[in-house]
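The chain contents come next:
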Amino acid sequence: QVQLVESGGGLVQSGGSLRLSCAASGNTFSSYTMGWFRQAPGKEREFVAGISRFGGMTYYGDSVKGRFTISRDNAKNTVALQMNSLKSEDTAVYYCAARTKGWTRVSSKEDYDYWGQGTQVTVSS
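Reading the values: rules and limits
Residues numbered from 1 in each chain as written. Predicted model: local features only at pLDDT ≥ 70, side-chain atom pairs only at ≥ 80, totals over all residues. Heavy atoms only, no water. Helix = DSSP H or I, 4+ residues; strand = E, 2+ residues; numbered from the N terminus. Buried < 20%, exposed > 50% of the residue type's maximum accessible area, 1.4 Å probe, protein only. Contact = heavy atoms within 4.5 Å. Areas by Shrake-Rupley, 256 points an atom, 1.4 Å probe, with all protein chains shown as cover. Lys, Arg positive; Asp, Glu negative; His and termini not counted. Charge placed at Lys NZ, Arg CZ, Asp CG, Glu CD. Disulfide = S-S within 2.5 Å. Salt bridge = Lys/Arg side-chain N within 4 Å of Asp/Glu carboxyl O.

(A) Structural detail: the overall build of the protein. When helices and strands are counted, the protein shows zero helices and 11 strands. Going from N to C terminus, the protein has its helices and strands arranged as β-β-β-β-β-β-β-β-β-β-β. Dimensions of the protein, computed from C-alpha atoms along their principal axes, come out at roughly 40 × 25 × 25 Å. In the protein, which comprises 125 residues, the share counted as buried stands at 43%. When contacts within the protein are restricted to residue pairs at least 6 apart in sequence, long-range pairs at least 24 apart make up 59% of them. Of the roughly 6,300 Å² that the protein leaves accessible, carbon and sulfur atoms contribute 46%. Taking the average location of the 14 positive side-chain charges in the protein and that of its 10 negative ones, the two points are 4 Å from each other.

Have a look at this one:
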C-alpha cells in the first residue's frame, strides 16, 4: 500500500506556471506507474499525465500536451507536474494517483489503486 500527498497548488494568473509535487510513502515507489488527474466542479475526473515506473515513458492528455511535463524521482519517492502557460480552463483539483498495473490504459482512472487527497489549482484570467 502507498499513501500519496500532493502539494504546490495555488492561485496563478493566466499564462503563469505552477509545479505540483506528490510525495509517496513506503519503499516500493518504483513499482508503481504514476498519474496526475484533475477534476473541475461539475465535471468528470480527467486524465492529465502518466509516467512509467522508471520514467522511460510519459503520456499526456490532449488538453495539456506541450504545456505540462510529468517527472519522477524514485530516490525521493516523488512525482511532479510542471504546468506552464496555464489557462483558466486548467482550474481544478489535481490528484496524484498510483497503479500496480503496467502501462496499458494509463489514462484510465478506474485502473488506479491509490489516490492522494488533491490540491487546488486556480488560474485567474
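(B) Examining unusual backbone geometry more closely. Backbone geometry places Asn-77, a non-glycine residue, at a positive phi of 55°. Within the secondary structure layout, Asn-77 lies in the loop between β7 (68–73) and β8 (78–83). A relative accessible area of 15% means that Asn-77 is categorised as buried.

(C) Structural detail: the state of the cysteines. Taken as a whole and judged by the stated rule, the model has one disulfide. For Cys-22, the disulfide goes to Cys-96, at an S-S distance of 2.2 Å. Linking Cys-22 and Cys-96, the disulfide has an S-S dihedral of approximately -75° and is accordingly described as left-handed. One end of the pair, Cys-22, is in strand β3 (residues 18–24); the other, Cys-96, is in strand β9 (residues 92–99), and 74 residues separate them in sequence. Judged by its relative accessible area of 1%, Cys-22 falls in the buried class.

(D) Seen up close, the pattern of salt bridges. Here the structure, examined in full by the defined rule, presents seven salt bridges. For Asp-90, the salt bridge goes to Arg-38, with nearest N and O atoms at 2.8 Å. You can see Asp-90 sitting in the loop between β8 and β9 and its partner Arg-38 sitting in strand β4 (residues 33–39), a full 52 residues away along the chain. A single salt-bridge network, built from bridges that share partners, covers Arg-38, Glu-46, Arg-67 and Asp-90.

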